[in-house]
Amino acid sequence: GMDYPVAFDIAPDGRFFCTLKGNNQTPAGPGTAKVEIYSASGALIGTFCDLSDSVNADFERGLLGIALDPNFSTNHYVYMYYNHIYNTDERIRIVRFTEVNNVGTAPTIIFDLNVANNIPGNHVGGNIHFMHNDTTHLFLTIGDLAYQQTNPTLNYANKLTNPYGKHLRINKDGTVPLNNPFYDDGNPLTG
């Protein structure tokens with residue numbers, strides 16, 4: 001009975017946090033892009049958050065990824081990866097909510113990346129995860145924007161000068177770790 005489920009994560013108490021992608025192609029109009037919470041036995045507890053009014057769920061876009069903070073028992077942080085749209089401005093965002101009584105509160109944008117508006121609907125997806133042996137960094141993937149198909153000279157995946165078509169590692173607050181392999185301190189003299 002779920003509408004376009006994509007990803008889930010499990011809280012220490014056994015609750016499941018599940019993303020519903022949303023769908024711009026349904027005959028009745030856009031589908032719901034939201035996160036639902038289920039009990040360990042599979043019973044729906046309720047809606048954690050509803051981002052339908054700001055999610056572009058066209059093709060491979062939508063509310064795609066979810067990761068509970070490794071310290072969820074203490075801080076109740078829930079991170080979500082989605083394709084944000086406002087008017088014609090499209091962005092890839094990671095937003096952090098704080099769970100309070102099964103509801104997402106205090107949304108904080110920790111990652112915000114512009115997406116060109118003239119790209120195809122595919123290869124814009126992505127996801128987020130924490131690694132079991134690295135609880136301080138959030139790992140994310142971003143699609144290559146399909147430019148290798150439409151314009152090979154823009155093949156973003158082959159260029160280190162942009163984040164598209166890459167695996168990225170960021171701190172939980174959205175900052176760039178200084179020990180990332182291609183960390184750029186902003187000083188052109190240091191490379």
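Remember, predicted model here, so these are calculated numbers, not experimental data. (Residues numbered from 1 in each chain as written. Predicted model: local features only at pLDDT ≥ 70, side-chain atom pairs only at ≥ 80, totals over all residues. Heavy atoms only, no water.)

A. The confidence of the model for the protein chain, seen in detail. Residues at a pLDDT of 70 or more form 83% of the protein chain, whose mean pLDDT is 85. The spread of mean pLDDT over the elements of the protein chain runs between helix α2 (residues 147–150), the lowest at 60, and helix α1 (residues 72–75), the highest at 97. (pLDDT = per-residue confidence, 0-100. Helix = DSSP H or I, 4+ residues; strand = E, 2+ residues; numbered from the N terminus.)

B. Summary view of the sheet that holds strand β1 (residues 5–10). Reading across the sheet, the four strands line up as β1-β2-β3-β4 and stay open at both edges, with antiparallel pairing between neighbours. With one partner strand each, in any of the chains shown, β1 and β4 (44–50) form the two edges of the open sheet. Sheet twist, expressed as the average angle between the axes of neighbouring strands with direction ignored, equals 25°. With five bridges connecting them, strand β3 (residues 34–38) and β4 associate as antiparallel partners. What sits directly across from Lys 34, in β4, is Asp 50. (Pairing = 2+ DSSP bridges. Axes fitted to C-alpha atoms, helices over the stretch in contact; angles between N-to-C directions.)

C. The sheet that holds strand β10 (residues 134–142), seen in detail. The strand order β9-β10-β11 describes an open sheet built from three strands, whose pairing is antiparallel. Each edge of the open sheet is held by one strand with a lone partner, namely β9 (126–131) and β11 (166–171). The sheet shows a mean angle of 25° between the axes of neighbouring strands, taken without regard to direction. Of the pairings in the sheet, the one linking β10 to β11 comprises six bridges and is antiparallel in character. Residue pairing for β11: Phe 139 is matched across the bridge by Arg 169.

D. Fine view of the packing of aromatic side chains. Across all of its chains, the model carries six aromatic pairs by this definition. With 5.5 Å between their ring centres and 75° between their planes, Phe 17 and Phe 48 make a pair best called edge-to-face. With a gap of 31 residues between them, Phe 17 in strand β2 (residues 16–20) and Phe 48 in strand β4 connect regions that are remote in the sequence. Each member of the pair, Phe 17 together with Phe 48, is buried. The interplanar angle of 85° and the centroid separation of 6.5 Å between the aromatic rings of Tyr 77 and Tyr 79 together place this pair among those described as edge-to-face. With relative accessibility at 25%, the residue Tyr 77 sits in the partly exposed group. Given the relative accessible area of 0%, Tyr 79 is considered buried. (Phe/Tyr/Trp six-rings, centres within 6.5 Å; stacked < 30°, edge-to-face > 60°. Buried < 20%, exposed > 50% of the residue type's maximum accessible area, 1.4 Å probe, protein only.)

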